[in-house]
Amino acid sequence: MAVGHIAASAGVAAVVVWSTRAAASGWDLLLLPAPVLLGQLVVLAGLGVLIFRRHHSRSFIVREQQS
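Summarised in this report is the structure supplied together with it. (Residues numbered from 1 in each chain as written. Predicted model: local features only at pLDDT ≥ 70, side-chain atom pairs only at ≥ 80, totals over all residues. Heavy atoms only, no water.)

### Here we look at a nonpolar patch on the surface
Turning to step 1, where the next piece is worked out: Together, Met-1, Leu-47, Leu-50 and Ile-51 make up an exposed nonpolar region whose accessible area comes to about 370 Å².
Turning to step 2, where the next piece is worked out: If you trace the backbone, Met-1 turns up in the segment before α1 (2-19). (Patch = residues over 30% accessible without salt bridge, like charges linked within 9 Å, V, L, I, M, F, W, Y side chains within 5 Å. Areas by Shrake-Rupley, 256 points an atom, 1.4 Å probe, with all protein chains shown as cover. Salt bridge = Lys/Arg side-chain N within 4 Å of Asp/Glu carboxyl O. Helix = DSSP H or I, 4+ residues; strand = E, 2+ residues; numbered from the N terminus.)

### Overview of the side chain of Asp-28
Turning to step 1, where the next piece is worked out: If you trace the backbone, Asp-28 turns up in the loop between α1 and α2 (33-66).
Turning to step 2, where the next piece is worked out: Its relative accessible area of 11% is what places Asp-28 among the buried residues.
Turning to step 3, where the next piece is worked out: Setting aside anything within four residues of it in sequence, one finds Asp-28 in contact with Val-15, Trp-18, Ser-19 and Arg-21. (Buried < 20%, exposed > 50% of the residue type's maximum accessible area, 1.4 Å probe, protein only. Contact = heavy atoms within 4.5 Å.)

### Description of the environment of Val-43
Turning to step 1, where the next piece is worked out: Along the chain, Val-43 turns up in helix α2.
Turning to step 2, where the next piece is worked out: Residue classification places Val-43 among the buried positions, given a relative accessible area of 8%.
Turning to step 3, where the next piece is worked out: For the pair Val-43 and Ala-8, spaced 35 residues apart in the sequence, the C-alpha separation amounts to 9.8 Å.

Keep in mind these values describe shape, not function.
Structural data, given as structure tokens:
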């Protein structure tokens, strides 16, 4: 999940630096939400994996106790 946050921050910084060049028109900032969205999708995937693993391990423990 930390990778997603770092990627989002780096992407936002890259877009801001890219939009401050002399030839920038200001329309470049429209790309600002894209790295945030992509980085947060990575975080969401990480949370999904954690929830799946936690649920799976709990169901395994319950099955072991029932035996």
